[in-house]
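Take a look at the letters that make up each chain.
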Amino acid sequence: MPAIAPLDRIDQLTRSPQPEAAWWVALVQALDRLEERILEHRANHPRLHDQLVADAPQLADLASTMDRELDVVGQRVREARTVVGEQAEDPSSVAAVSTMTAEVARKLRRWERKASDLLHNAYQVDIGGE
């Protein structure tokens, strides 16, 4: 059985939050995987700004904004991980932690969609139209 993508795992966990220790552990693991995903974006792909400066300079400012947004999302993932660790197994914090973690996942999804749209515009629309 293939592994569940970290964003999908976060969705599963936050849709049915539970006060059991296993839920907290799974949430920490999913957040760790989100951070790894962000690091992969950085390591496996040149920063959007660097990639677009040469190919679509008119989009360089937007690419810089995207880089900064990814930095913010990465910081939110780390903050969520810290909160989850601090609140672990506190039944009264399950709902708040679940909501916060779901929001972090939404932010990363939103960033990934925007990055995909930016690259599409750069390579299909702008460069392809020249």
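Higher on the page you've got the structure.
Anyway, here's the lowdown on the structure attached to this text. (Residues numbered from 1 in each chain as written. Predicted model: local features only at pLDDT ≥ 70, side-chain atom pairs only at ≥ 80, totals over all residues. Heavy atoms only, no water.)

## A short note on the overall build of the chain
In terms of regular secondary structure, the chain is built from five helices and zero strands. Tracing the chain from N to C terminus, the helices and strands come up as α-α-α-α-α. In the chain, which comprises 130 residues, the share counted as buried stands at 34%. Across the chain, every contact between residues at least 6 apart in sequence was considered, and the portion connecting residues at least 24 apart equals 76%. Only carbon and sulfur atoms are counted for the fraction: they give 52% of the accessible area of the chain, which is about 7500 Å². (Helix = DSSP H or I, 4+ residues; strand = E, 2+ residues; numbered from the N terminus. Buried < 20%, exposed > 50% of the residue type's maximum accessible area, 1.4 Å probe, protein only. Contact = heavy atoms within 4.5 Å. Areas by Shrake-Rupley, 256 points an atom, 1.4 Å probe, with all protein chains shown as cover.)

## So, the pattern of salt bridges
Scanning the model with the defined rule gives ten salt bridges in all. In this structure, Lys114 and Glu69 form a salt bridge, with 2.8 Å as the shortest nitrogen-oxygen distance. In this pair, Lys114 is assigned in helix α5 (residues 94-126) and Glu69 in helix α4 (residues 60-87), connecting sequence segments 45 residues apart. Accessibility expressed as a relative area gives 25% for Glu69, which makes it partly exposed. Where Glu103 meets Arg106, a salt bridge forms, and the shortest distance between an N and an O atom there is 2.9 Å. One end of the pair is Glu103 and the other is Arg106, both in helix α5 and three residues apart, which spans about a single turn. Connected through salt bridges with shared partners, the residues Glu103, Arg106, Lys107 and Arg110 form a single ionic network. (Salt bridge = Lys/Arg side-chain N within 4 Å of Asp/Glu carboxyl O.)

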